[in-house]
Amino acid sequence: MKTTNAKTMHPLLRKIGPLLGCIVFYVVIMLLRRADIINGYYMQVMLFAGVNVLMTASLNLVNGFTGQFCIGHAGFMSLGAYGAAVITTMVFKSNSIPEAAQIPVFLLGLLCGGIVAAIVGILIGIPSLKLKGDYLAIVTLAFGEIVRALLRLIQPIGGARGMIGIPNYANFFWIMFFVVLTLWLLRNLIYSPYGRAFIAIRDNEIAADAMGINTTKYKIMSFCIAAFIAGVAGGLYAHVLSFIQPDSFGFTKSADYLVYLYAGGSGSLTGSVVGAVLLTILPEVLRFLATWRLVLYAIILIAVMLYRSEGLIGGKEVPFLRIKRSSLYEKPWVGRKKNDMSAE
Amino acid sequence: MSLLEVKNLSIQFGGLRAVDDFNLNLEKDELVAIIGPNGAGKTTIFNMLTGIYRPTSGSIELEGESLVGLKPYQYAQRGISRTFQNIRLFSNASVIDNIKMAATMHCKDNLVSSLVRTRTMVKHERELDEKAMSILEPLSLADKADLLAKNLPYGDQRRLELARALMTNPKILLLDEPVAGMITTEIEEMAQLVVRIRKDFDLSIILIEHHMNFVMPIADRIKVIDFGRTISEGTPDVVQKDPKVIEAYLGGGYQNVNA
Amino acid sequence: MASFLQYLVYGLQLGSVYALLALGYTMVYGIVGMINTAHGDFLMIGALGTYFIAKLFDSVSIDGTYPMLAVGCIILIAMVMTGGIAVGVEAIAYRPLRNKPRMIALITAVGVSMFLTNFPRALPFIGPNPRPFPTLFTPKTFTVLGASITSTQIIMIILAAVTMLALDRLVAKTKMGAQMRAVSMDKDAASLMGINIDKVISITFFIGGALAAVSGICYASVYPQVEVYMGSWLGNMSFVSAVLGGIGDIRGAMLGGFILGIAQIFATAINSTFGYAVGFIILIVILLVKPAGIMGKVTIEKV
């Protein structure tokens, strides 16, 4: 096998490095929090940034990697938010959960929220993914609004007033945990036959069909995975804010995620992270401008689209969010199994 | 029973009968060429043979199994693969990724093992990489494996389309104008390449082309289509001399005023 | 019967608002292939602008309403102003992105919409508070078959119909209309034929903006509170109308607008949430049954 001349990272460093980095980052943030250099407000911004990374990365899977046009992503978020909140506040009455059971109940809630979103994703996906381009966009937009309308109608979960009193289970640890986990899973997915199928559908759907890829199945799969992640993100959101209402998940919210995605650069996980984090923080930083805040935000957005339409990151990936071909030929470094010897 | 039996294949678009009563019995390892003027319906025939269009009448049977009504990806999975007249590469992917994408239907890993990258899945990825390189090598694309498909020169792009179609392990390969836009030397190279892969990959080939110096030396049989109808068929020698073919290409009844 | 007719009247009126706004959406889509999600904000600019323009004519107002000539001037100024802003938006934000992927233009439209709502909101003399729309006509009420209909409503519906007919003639019969149709079919070929596509696109946006202003005036004459956020809901609904009728088709936009307006009024009469959702329900139905819309033509992609 040919070896590249470029400097490649030592495999051990490449695999362990990012995880160590995350742990260090976590510890540093926790220390700063304890010292109140990061106060409650900043922390909440960071928690929302994490939720937004999950939303943006999952939207990237559908829009950026599979080339579809989903513009109602907040609908899945709302399903997950309500699904998780129902579990933690209604199925298990939140003030009577013993401390030991809090985390399992929370995780169960997140899982249920994700599953609800994923099931709806499949139901929506099957008829809509036959549509192309603009029409698919319109259907996803309508879907988001219909979910919102339906949630407003259901009185037991609060109707239009929303649901309050959701326990504050989502702390910085859980947000970081899910962000890191999701990015790792998405990276693996993209550099797998499934991810390549998504990209093939994006780049040339007719050719993908002709090469034996069941495009409908993979489009629905991509949609469903993205919906699940969005559902989990919604569940986390509900347990950060402790309050959710249907109107916060309308097209405005979906538009936010579209903006984070394309400002960061679609087709790149790094872009999703950067876009989500920067644009979550930006309105907060601009708060001192009062009513001019959103005007400046709008101008910045338009400027980025005009002058760097491929997004701030422009489709590239940082090393730990991509997998190079050469890594396939590295010798495994952890306990070679006997049957693995024969493969070489 | 032939490998591929196409009987009375016809398609109508509104009032226009684009293909009328097309018949073909393709034997194993045969190379059949379909020629004819532009707009004769040749690509439409290909589109029906790959499931992109549904014929209004007629049948297509591959090794006895009827294919009409199946989706394009199912045609590919049953062994009919194609290249396109206007190149349809996965432009933003690398050369080798383009090849790997064609192997999706042979993927042995499930979603979960791909999400966590089990050792088996990585092994399969490595084997896929090696197989992809083994197809790129004979097509002189191995050293360009990591380049983006859209950055390749035209001739390389055509060969990449070919390599990608080969990756699906087809029984029948459909080539739609494989030498369009090429110069003589490139045409000769492509002709040699097609003959070679037919042998190396044990293929039966149907191709559409205009360049006679590409078709004549390599085809076993030729079918000539004009306005959707088959006007002549036979070996290259027979077809070349058929007056109906000459008329379709050059028009009949012109007298040279200088004669 | 009387209430049926009453609802019909309201439906026609709301339908005119949607139809006029949908025309702008559909023309822009037909000519540049872009869904301008900021279009609803042009309606808001027209309506809010009319409020301030009317103030200029305060000297000639009688008891809060204005003489016909003044009304004509106010409406005309509002149309020109909104059309001009639309042209400006196109030139600054959309023209440079003409050859880029569609999503980029959509994101930019989100930014434009954000700017158009928040810039007036930030300006001290406008602000977020709703303003009462000036009564432009003295309303006289007529009763027809048990349903009451005001002169304002009649004028609005007629104004809308006249505007739409004028646009239809413009596109079908004039040289500029032919140029617009050519650009919508093939931009590059049109420019090779000597058509100044920048000019055609600017004119399209101008007309769209002017129509949005009329739409806003029609709406605000009936629901007289105008504020910076009024455009977004109406914009979404008119977008649904355009898709319903067949996006890119002018007659489709008119048809879709009236159908949606009438459907919404009747649906709201049954149940308010149904009224809120009926637009999206119609949308989903049409997209699943005939995505090209009522008047749309289905195109097959050539392989």
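Please read all numbers here as calculations on a predicted model, not as lab measurements. (Residues numbered from 1 in each chain as written. Chains lettered and ligands numbered in written order. Predicted model: local features only at pLDDT ≥ 70, side-chain atom pairs only at ≥ 80, totals over all residues.)

Draft legend 1. Here's a closer look at the overall build of chain B. For chain B, the helix and strand inventory stands at ten helices and ten strands. If one aligns the C-alpha atoms of chain B with their principal axes, the spans along those axes are about 75 × 40 × 35 Å. In chain B, which comprises 259 residues, the proportion classed as buried is 43%. Sequence-distant contacts, at least 24 apart, represent 64% of the contacts inside chain B between residues at least 6 apart. (Helix = DSSP H or I, 4+ residues; strand = E, 2+ residues; numbered from the N terminus. Buried ≥ 20, exposed ≤ 12 C-beta atoms within 10 Å, placed from the backbone. Contact = placed C-beta atoms within 7 Å.)

Draft legend 2. Region of interest: the overall build of chain A. Tallying secondary structure elements over chain A gives 13 helices and zero strands in all. By the compact-globule yardstick of 20 Å for 344 residues, chain A fits well, its C-alpha radius of gyration being 21 Å. Its C-alpha atoms give chain A principal-axis dimensions of roughly 65 × 50 × 45 Å. Long-range pairs, those at least 24 residues apart, make up 82% of the contacts in chain A between residues at least 6 apart in sequence. (Rg over C-alpha atoms; globule rule 2.2 N^0.38 Å.)

Draft legend 3. A look at the interface of chain B and chain A. Taken together, the 35 residues of chain B in the interface contact 26 residues of chain A. Contributions of two or more residues to the side of chain B that touches chain A are made by helix H2 (72-77), helix H3 (95-101), helix H4 (111-116) and helix H5 (119-136) of chain B. Considering every element that reaches the side of chain B that touches chain A, the biggest residue donor is H5 of chain B, with six residues. Taken together, the residues that form the side of chain B that touches chain A break down as 15 nonpolar, seven polar and 13 charged. (Nonpolar A, V, L, I, M, F, W, Y, C, P; charged D, E, K, R; others polar.)

Draft legend 4. Inspection of the packing of helix H6 (residues 175-185) of chain C against helix H8 (residues 197-222) of chain C at higher detail. All names here are of chain C. With their axes 10 Å apart at the nearest point, H6 and H8 run at an angle of 105° to one another. With respect to H8, the axis of H6 lies roughly perpendicular. Contacts from Met176, Gln179, Met180 and Val183 in H6 reach Ile197, Val200, Ile203 and Thr204 in H8. Tallied by class, the residues present in the contact of H6 with H8 amount to six nonpolar, two polar and no charged. (Axes fitted to C-alpha atoms, helices over the stretch in contact; angles between N-to-C directions. Parallel < 35°, antiparallel > 145°, perpendicular 65-115°, else oblique.)

Draft legend 5. Structural view of the sheet that holds strand S4 (residues 57-62) of chain B. Residues and elements named next belong to chain B. A sheet is described by the order of its strands in space; here four strands give the open sequence S2-S1-S4-S5, paired in antiparallel fashion. Because the sheet does not close on itself, it has two edges, and the strands there are strand S2 (16-26) and strand S5 (65-66). Note: S4 against S5, two bridges, orientation antiparallel. Among the inter-strand pairings, Glu61 is bridged to a residue of S5, identified as Ser66. Most of the contacts of helix H1 (residues 42-49) go to S2, to which it runs at about 65°, and overall it touches strand S1 (4-13), S2 and S4. (Pairing = 2+ DSSP bridges.)

Draft legend 6. Representation of the confidence of the model for chain B within the structure. Looking at chain B, the pLDDT average stands at 91 and 96% of residues meet or exceed 70. For this predicted complex, the interface confidence comes out at an ipTM of 0.91, alongside a pTM of 0.88. (pLDDT = per-residue confidence, 0-100.)

Draft legend 7. The interface of chain C and chain A, seen in detail. With 29 residues of chain C at the contact, the number on the chain A side is 29 residues. If you list the elements that add at least two residues to the side of chain C that touches chain A, you get helix H4 (102-122) and helix H11 (272-289) of chain C. Element by element, the count of residues in the side of chain C that touches chain A is highest for H4 of chain C, at 13 residues. Residue classes in the side of chain C that touches chain A are distributed as 23 nonpolar, four polar and two charged.

Draft legend 8. Structural context of helix H9 (residues 230-245) of chain C. Here H9 of chain C is 16 residues long and its end C-alpha atoms lie 23 Å apart, about the 22 Å a rise of 1.5 Å per residue gives. Across the 16 residues that make up H9 of chain C, a large majority, 15, are buried. (Expected span 1.5 Å × (residues − 1).)

Draft legend 9. Local environment of the pairing of S2 of chain B. Residue and element names in this part refer to chain B. Sheet topology note: the S1/S2 ladder contains seven bridges and is antiparallel. Counted as the bridge partner of Glu5 is Asn25 from S2. Between S1 and S2, which pair antiparallel and follow one another directly, the connecting turn spans two residues, one of which, Gly14, has a positive phi of 65°.

Draft legend 10. Structural detail: the environment of Arg88 of chain B. Following the sequence through the fold, Arg88 of chain B ends up in the loop between strand S6 (80-82) and H3. Its 20 C-beta neighbours within 10 Å are what place Arg88 of chain B among the buried residues. Between the C-alpha atoms of Arg88 of chain B and Leu67 of chain B, which are 21 residues apart in sequence, the distance is 24 Å. For Arg88 of chain B, the contacting residues outside a window of four places in its chain are Asn204, Ile206 and Ala207 of chain A.

Draft legend 11. Just the sheet that holds strand S3 (residues 31-35) of chain B, in detail. Residue and element names in this part refer to chain B. If you trace the six strands from one edge of the open sheet to the other, you get S6-S7-S8-S3-S9-S10, paired in mixed fashion. Each edge of the open sheet is held by one strand with a lone partner, namely S6 and strand S10 (229-234). This sheet shows a mean twist of 20° between the axes of neighbouring strands, independent of strand direction. Note: strand S7 (residues 172-176) against strand S8 (residues 204-208), five bridges, orientation parallel.

Draft legend 12. Seen up close, the domain arrangement of chain B. Residues and elements named next belong to chain B. Under the domain assignment, chain B is made up of domain 1 (31-54 + 68-79 + 170-259) and domain 2 (89-168). Inter-centroid distance (C-alpha atoms) of domain 1 to domain 2 is 28 Å. Taken together, the contact pairs eleven residues of domain 1 with eight residues of domain 2. Contributions of two or more residues to the side of domain 1 that touches domain 2 are made by H2 and helix H7 (184-200). Broken down by class, the residue content of the side of domain 1 that touches domain 2 amounts to seven nonpolar, two polar and two charged. (Domains from an automatic or database assignment.)

Draft legend 13. Looking closely at the pairing of S1 of chain B. Pairing of S1 of chain B with S4 of chain B involves five bridges; the strand directions are antiparallel. Bridge pairing links Leu4 of chain B to Leu62 of chain B in S4 of chain B.

Draft legend 14. Broad picture of the packing of helix H10 (residues 251-264) of chain A against H4 of chain C. The interhelical angle for the contact between H10 of chain A and H4 of chain C, taken along N-to-C directions, is 125°, at an axis separation of 10 Å. Between H10 of chain A and H4 of chain C, the angle is such that the two are oblique. Classified by chirality, the crossing of H4 of chain C by H10 of chain A is left-handed. Only Met103, Ile104, Ile107 and Val110 of chain C of H4 of chain C make contact with H10 of chain A, whose side of the interface consists of Ala255, Leu258, Val259 and Tyr262 of chain A. Of the residues belonging to the contact of H10 of chain A with H4 of chain C, the class tally is eight nonpolar, no polar and no charged. (Left-handed = near helix turned anticlockwise from the far one by under 90°.)

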